[in-house]
Structures are given as C-alpha cells and as structure tokens.
Amino acid sequence: MGSVRGVRGGRTGRAAGLLAAAALVLAACVAPAPSSTPAAPARLTVFPGATGNIATPPWWNGDCDSVDDPGSHPLGATYRGVEVCG
C-alpha cells in the first residue's frame, strides 16, 4: 500500500482502490446487454422409433418358448411381430 499512498496520499488512495474493486465486482454481477441480433434456436434431431417386425430369436423354441419355459403361454397380443407371452 506504500506505493498507493505515495501517489495519491493515505486515505484517498485507499478509497480509490476500494471504489475500483467495488466497480469490478459489480460489473461481474451485471448481466450483459442483450444482442440486437437474436441467436438462432438450437436444433434438436429426433430420430424415428423402431418400426417393422423383428426376427425370432435363435434360442426361441416353440410357441412362447414353451419348450424351454413350460409355464409360458400366449397373452393374445404381438409386438413388432413377436408374440407376447406370460
């Protein structure tokens, strides 16, 4: 602080330093002025969902895989060509 005191004097130099520090803090807290040109909206790419039938799994054996899971039975619906079982 000796250099500030030598240039401006004791209290005046400290007050100027505090004022400059306060101005920097306030400037950092203030939002920037809005741009005259609005920014282009971000583009969101949405891919279509899966469609069409899928192949029967190679391990599937019988209706509702009943050979490997004897308690399995059809529930009366299909999803993408695969029988829904329970």
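Everything numeric here is computed off the predicted structure, so don't read it as measured data. (Residues numbered from 1 in each chain as written. Predicted model: local features only at pLDDT ≥ 70, side-chain atom pairs only at ≥ 80, totals over all residues. Heavy atoms only, no water.)

## Overview of unusual backbone geometry
With a phi angle near 55 degrees, C64 is a residue other than glycine that sits in the positive phi range. By the element assignment, C64 lies in the loop between α2 (10-29) and β1 (74-79). Since its relative accessible area comes to 3%, C64 is described here as buried. Located in the positive-phi region is D65, a residue other than glycine, with phi close to 55 degrees. (Helix = DSSP H or I, 4+ residues; strand = E, 2+ residues; numbered from the N terminus. Buried < 20%, exposed > 50% of the residue type's maximum accessible area, 1.4 Å probe, protein only.)

## Observations concerning the environment of N53
On the secondary structure map, N53 appears in the loop between α2 and β1. Placed 27 residues apart in sequence, N53 and R80 show a C-alpha to C-alpha distance of 4.3 Å. Of the polar contacts made by the side chain of N53, one reaches the backbone nitrogen of G81; its length is 3.3 Å. (Polar contact = N/O pair within 3.5 Å; in protein donor to acceptor, adjacent residues only side chain to side chain.)

## What about the state of the cysteines?
Scanning the entire structure with this criterion turns up one disulfide. Paired through a disulfide, C64 and C85 show a sulfur-sulfur distance of 2.0 Å. A torsion of -80 degrees about the S-S bond marks the disulfide between C64 and C85 as left-handed. Here C64 is found in the loop between α2 and β1, whereas its partner C85 is found in strand β2 (residues 82-85), with 21 residues between them in sequence. The class for C85 is partly exposed, based on a relative accessible area of 23%. (Disulfide = S-S within 2.5 Å.)

## Some details on the packing of aromatic side chains
The tally for this structure, following the rule as stated, stands at one aromatic pair. Ring centres of W59 and W60 lie 5.6 Å apart, and the angle between their planes is 50 degrees; on these two criteria the pair is classed as tilted. (Phe/Tyr/Trp six-rings, centres within 6.5 Å; stacked < 30°, edge-to-face > 60°.)

## Here's the deal with the pairing of β2
Pairing of β1 with β2, which is carried by three bridges, proceeds in the antiparallel orientation. Counterpart to T78 in the pairing with β2 is E83. Hairpin connection from β1 to β2: two residues lie between these consecutive antiparallel strands, with R80 at a positive phi of about 50 degrees. (Pairing = 2+ DSSP bridges.)

Read these as layout, nothing more, since geometry by itself doesn't imply function.
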